[in-house]
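What the coordinates show
Residues per chain are reported as follows:
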Amino acid sequence: MPEQATEVTAAGIARLAGVGRAAVSNWRRRHADFPKPVGGTETSPSFALPEVEQWLRDQGKLAEVPLRERVWQQVAGHPEGAVTALTHTGCALLLVRDRPTAWLELTAVSDKRMAGVLPHAMEEVLGARLGPDTGARAHSGGPVPSGRAVAPVLTGGDAAAGRPSGGSPAAGSPAGDAGSVHSPSAVHTARAVPTPSTDALLPSVPLLRAAAELAAGIGAGQTFEFLLGRQLDANPRQYTLTPPGLAELMAALAETGKDTDQPGGRRPVRSVLDPAAGTGTLLRAVAGPAELLAQEVDPALAALTALRLALHGDGSPRSTPARTVRGGDALRADAFPQLAADTVLCHPPFNDRNWGHDELAYDPRWEYGFPARTESELAWVQHALARLRTGGTAVLLMPPAAASRRSGRRIRADLLRRGALRAVIALPAGAAPPYGIPLHLWVLRKPGGELRPVPELLLVDTTDPVGPGTATGTQTSGGRDRPDWPAVHAAVLDAWRDRADHPGVSRVVPVIELLDDDVDLAPARHLPRPAAGGGAAGLEDVRERLADALRLTADLTPPPAELSAPAHRPLTTVGELARAGALLLRTGTGTAPRTDTGSGPTPVLTEHDVLAGTAPSGTPAPPPTGAPGTPAPDDLVLLEPGDVVVPVLGAGSVARVVDEATAGAVLGRNLQLLRPDPAAIDPWFLTGFLRGTANQRQASSYASTAARLDARRLQLPRLPLAEQQRYGQQFRALAAFEDALRTAGRLGGQLVRGMYDGLTDGTVTPR
């Protein structure tokens, strides 16, 4: 085995072979020739990837490892860790994209020689894209691995910006008096991505060659996005990210509206700052040419963000505006103290008591009041305003408590009096972590000059939409796919542009009305809830629809069951049927191609849609700019009539047959697709037996917080097609009855809620 062979864990082997981890454990016990561990621990051993691939091929369990999977396994098994591997890969991908001829010349030599000449070539492209590496660096050996950052321990709030857990910004940052707060520091004067040395690059050369091969097929930018996305998905507890839909909304708010004081209500964004950048999702959402500036407390994450932004877009270094990323804590050691940006976008740490309260007491940024120790979010608000030009716009994601905590009322009052705070927008629960609460967006504009303070505040509430797509007007909390982002975008942006009152959705409130003892800016406190069912006038329509649904439910009620003794039939599994070619198994990613027809993006069938029985409501994750127009075939899964979709996470006994109305949508994340051969398997027969409680139990594995379904272990009886179809008709009738029950429940909930609201507000009189 080569000395630097890539290692893979049992979970990686399972991914390669398309089986569960339990199958890998069985192989290790039953096959004496299974590869021996070469690393890891007794409880989590690692194996040499080449040996594993060869064994899988010899056993007929693997035809060929996809190139993208091979590249990821090399990243995950890198001897210096995945973060270092991603940094080296990003540098190489920049070289592949910007200087393809030079890259081809470099790859023509041996690995050792290639590692020797790569640093000089990488320095040229890094300098052209990210500026020269002229600053001092606290850690000169390359990007600091997560957990060894310039700081001890990051709080949960740091993770909200997409930072790794494990270090606080305190150590290594200036912490003196006001005069030294913004003095130059080794933490942030250096370029975020140092040029890797020859010795550091030598173990990475095989990875870089493979990554370049992958980039030749899908593009350098999409290659880095794929690998970075895998790293983030593999460490869900370490990273908490800003969802793309939310990032696009924040960027759109910064660019749109009458506040721009420009003809047509739009102005181009010239410079955009994110002082708590995380993985750079907010800056990637900025439309049009813009100078992007970012600061991130974790140096390893800052390096990945810099490379991500540099690989975003396909323009030449001369035509692409600058991308400047610096390390360090923006509150304690601001990397851009003289900046006057057009826009600031920020997803700051939440509930961070160690934000610098003691050492920043006399900081000039506290123009609206010195934040209390418990008001770290208001410190970030004032930092954002301090880095704006006069009239510039800032959009920050905030916890709902920041709008009403008594400790922040004086700062909120001053923001209102001076016209700095323009809007507070309540988002649906599930928009961003923590997913269980409805977070807020604050839209601010820096006052001054000839701008006159606007004596009003726009309040928007999208937390509780009432419409045909909701059961009772209430959204279930939790779940990353829950928000209907197109609807949220439309509601928020329409309210922001119009600055008008819309019952239950938005209201323009005079500032004088808000300046009471509490200065409570929560939209729910100032907006009346929308009436369910369209108010009292719409209750009769809801009642008639409910009556129709109840009649249909009665008609579809199954006849009395004919009991019999338990049947003992020969069984097979979904995995065996897939190997025999009787059905196809695919896993959803939610990735979809761009559409140039003007019809909008392809809808995504989400886990929530399957559970609720609703139409596809998700939005796709598009390929990054500069990548080909369609994603790789392995990622793109379009639904066809007769497909069976099953949630893989603890969703209970649920499966759904795709009909003509759902066909053409993209299969979302956390869903598995079973595409049966209609000549061998009836789809309704398949769905019915997959939903059996005992079947689901024996095919599920349980972690500490959730259950996961292994669709390959689900069992089916071996029956002729005609007998399958007889069962299928019964299962189809049960599904129709279930849909009618669901509709009746939704309408009944609307009617009950509407009656309660009408009776309490006086629009309905008791009989």
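Our subject is the structure that appears above.
Residues numbered from 1 in each chain as written. Predicted model: local features only at pLDDT ≥ 70, side-chain atom pairs only at ≥ 80, totals over all residues. Heavy atoms only, no water.

On to unusual backbone geometry. With an omega of -5 degrees, the peptide bond between Pro433 and Pro434 qualifies as cis. Looking at where Pro434 falls in the secondary structure, it is placed in the loop between β9 (421–426) and β10 (440–445). The phi angle at Asn351 is positive, at roughly 55 degrees, despite the residue not being glycine. Note on placement: Asn351 falls in the loop between β7 (341–346) and α15 (376–386). Here Val519, not a glycine, exhibits a phi torsion of approximately 50 degrees, which is positive. As for its placement among the helices and strands, Val519 is situated in the loop between α18 (511–514) and α19 (523–526). (Helix = DSSP H or I, 4+ residues; strand = E, 2+ residues; numbered from the N terminus.)

A complete count under the given rule lists 35 salt bridges for this structure. Put simply, Arg742 and Asp739 hold a salt bridge, and the shortest N to O gap is 2.8 Å. Here Arg742 and its partner Asp739 are both found in helix α25 (residues 721–761), three residues apart, which amounts to about one turn of the helix. The class of Arg742 is partly exposed, set by a relative accessible area of 32%. Ionic contacts of the salt-bridge type, sharing partners, join the residues Glu53, Arg57 and Arg70 into one network. (Salt bridge = Lys/Arg side-chain N within 4 Å of Asp/Glu carboxyl O. Buried < 20%, exposed > 50% of the residue type's maximum accessible area, 1.4 Å probe, protein only.)

Taken in spatial order, the three strands of this open sheet run β1-β3-β2, and their pairing is antiparallel. The strands lining the two open edges of the sheet, one partner per strand, are β1 (7–9) and β2 (39–40). Of the strand pairs in this sheet, β2 and strand β3 (residues 45–48) are connected by two bridges, and their pairing is antiparallel. Counted as the bridge partner of Gly39 is Ser46 from β3. Where helix α1 (residues 10–17) meets the sheet, its contacts fall on β1 and β3, and the angle it forms with β1 comes to roughly 90 degrees. Strands in contact with helix α3 (residues 49–58) are β1 and β3; relative to β3, the strand with the most contacts, it is inclined by about 75 degrees. (Pairing = 2+ DSSP bridges. Contact = heavy atoms within 4.5 Å. Axes fitted to C-alpha atoms, helices over the stretch in contact; angles between N-to-C directions.)

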